[in-house]
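Inside the fold
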Amino acid sequence: MPQGWLLKTEPTAYSFAQLQRDKRTVWDGVKNPQALKNLSQVKKGDRLLIYHTGDEKAVVGIATALAAAYPDPNKNDPKLLVIDLAPVAPLPRAVTLAQIKASSTFKDWELVRLPRLSVMPVSAEYWAEIERMANDS
């Protein structure tokens, strides 16, 4: 059982700051089969790390799943899933991909091994280390 999930987003398309302004959103657009398999396992109340791709490449915030994954109502393909989520809080300090890659703790994490995967599990160990890194000054 994962401790939570990491969801990637391009901040120029939809950022964590926008999620905070919106107070909730439908997370859609996932098409990769492995990412969809991961998304299908998200349950109501699951903790979510939000990761900005593009120039930032960093974990920037925490959100929560408001419901389990369900078929995208705007698509005619029941395999395409979405989740409803709400922001919890920004991280005190963003944790960059470079920092994550520099830590041996994360050597087997999908974020390091499968950089194009947009939804992935986060173990309790990884979650705790991300929080520790975000709180280091």
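Anything mentioned here points back to the structure above.
Residues numbered from 1 in each chain as written. Predicted model: local features only at pLDDT ≥ 70, side-chain atom pairs only at ≥ 80, totals over all residues. Heavy atoms only, no water.

Considering all chains together, one arrives at one cavity of 30 Å³ or more under this definition. Volume-wise, the largest cavity comes out at about 40 Å³. In terms of lining residues, the largest cavity is bounded by Gly29, Val30, Lys31, Asp72, Lys75, Leu80 and Leu81. Residue classes in the lining of the largest cavity are distributed as three nonpolar, one polar and three charged. (1 Å grid on protein atoms, 1.4 Å probe; cavity = no way out; pocket = protein on both sides within 12 Å on 5 of 7 lines; lining within 4 Å. Points joined across faces, edges and corners; volume = space filled by probe spheres on them. Nonpolar A, V, L, I, M, F, W, Y, C, P; charged D, E, K, R; others polar.)

Below, the discussion takes up the pattern of salt bridges. Inspection of every chain in the model, using the stated rule, returns three salt bridges. Asp108 serves as the salt-bridge partner of Lys107, at 3.5 Å between the closest nitrogen and oxygen. Here Asp108 falls in the partly exposed class, since its relative accessible area comes to 46%. Linking Arg132 and Glu129 is a salt bridge whose minimum nitrogen-to-oxygen distance equals 2.6 Å. In this pair, Arg132 and Glu129 both sit in helix α5 (residues 124-135), three residues apart, roughly one turn of the helix. Overall, the relative accessible area of 15% leaves Glu129 in the buried class. Through salt bridges with shared partners, one network takes in Glu129, Arg132 and Asp136. (Salt bridge = Lys/Arg side-chain N within 4 Å of Asp/Glu carboxyl O. Buried < 20%, exposed > 50% of the residue type's maximum accessible area, 1.4 Å probe, protein only. Helix = DSSP H or I, 4+ residues; strand = E, 2+ residues; numbered from the N terminus.)

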